[in-house]
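Residues per chain, in single letters:
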Amino acid sequence: MTKKKVLYGIVLLSGALAILAWIAFSGHHAGGESIRTFRSGSISIESPWAPELPPVSVNGAVFMTIVNEGERQDRLIRATGAISSKVEMHDHIKDETGMLSMRKVQSIELSPGERVNLEPGGLHVMLMGLERPLEKGMEFKLQLEFASGTSLEIDVPVGRLQDEGHTHSRH
């Protein structure tokens, strides 16, 4: 009986590992969404996206993961795009009461081998003065420039924001 339990456990564990390996290497998020990667030199951008916003919103945000696969420090120094009149890099800071507020940052530092997540409530690319509403299903281009001279044009799909409490419509 004990050998059967051990064998059964091994079979279950093997199956679970096979499923996890398939998810990890299939190029898809758990939600079924394709992982998009844009690469130039030692910099890659993974899974860029912007949240859908109400039509009255004048500002939006872009989130992604930036990976520095090189051996030297780099930094994102500029972002531009035709979707808005101004594009800036922002971060959230907490004051002594715990209240979050946004502030413009001049660059986003990337240490060698580092993955920097731009996400709701943290670092992000801010789109100010949107030329048109960000609607689910649309896509727009964004140009990213790095101190090393690397430049990447990425396609940014618009989707639903998982954290409903976080919007940029009044920023």
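Residues numbered from 1 in each chain as written. Predicted model: local features only at pLDDT ≥ 70, side-chain atom pairs only at ≥ 80, totals over all residues. Heavy atoms only, no water.

Tell me about the pairing of strand β9 (residues 124-130), residues and numbers included.
A large share of β9 lies buried, amounting to six of its seven residues. As paired strands, strand β3 (residues 59-68) and β9 are joined by four bridges and run antiparallel to one another. If you follow A61 over to β9, its bridge partner there is M126. (Buried < 20%, exposed > 50% of the residue type's maximum accessible area, 1.4 Å probe, protein only. Helix = DSSP H or I, 4+ residues; strand = E, 2+ residues; numbered from the N terminus. Pairing = 2+ DSSP bridges.)

Before we move on, could you go through the environment of A50 and cite the residues and values that matter?
One can find A50 in strand β2 (residues 43-51). Using a relative accessible area of 0% as the deciding quantity, one classes A50 as buried. Sequence separation between A50 and M138 is 88 residues, and the spatial gap between their C-alpha atoms is 9.7 Å. Among all residues touching A50, those that are not within four sequence positions of it are A61, V62, L134, F140, V156, P157, V158 and G159. (Contact = heavy atoms within 4.5 Å.)

Break down the pairing of strand β4 (residues 74-80) for me, citing the residues and quoting the values.
Judged from the three bridges that link them, β4 and strand β7 (residues 108-110) form a sheet pairing that is antiparallel. In the sheet register, R75 faces β7, and the bridge partner there is E109. In terms of strand pairing, β4 meets strand β10 (residues 139-146) through four bridges, oriented antiparallel. Paired with A79 across the strands is L144, a residue of β10.

Got a sec to walk through the side chain of T65? Specific residues and values, please.
Secondary-structure assignment places T65 in strand β3. When near neighbours in sequence (up to four residues on either side) are disregarded, T65 contacts S44, I45, E46, R115, V116 and N117.

Scope: geometric values only; no functional claims are made or implied.
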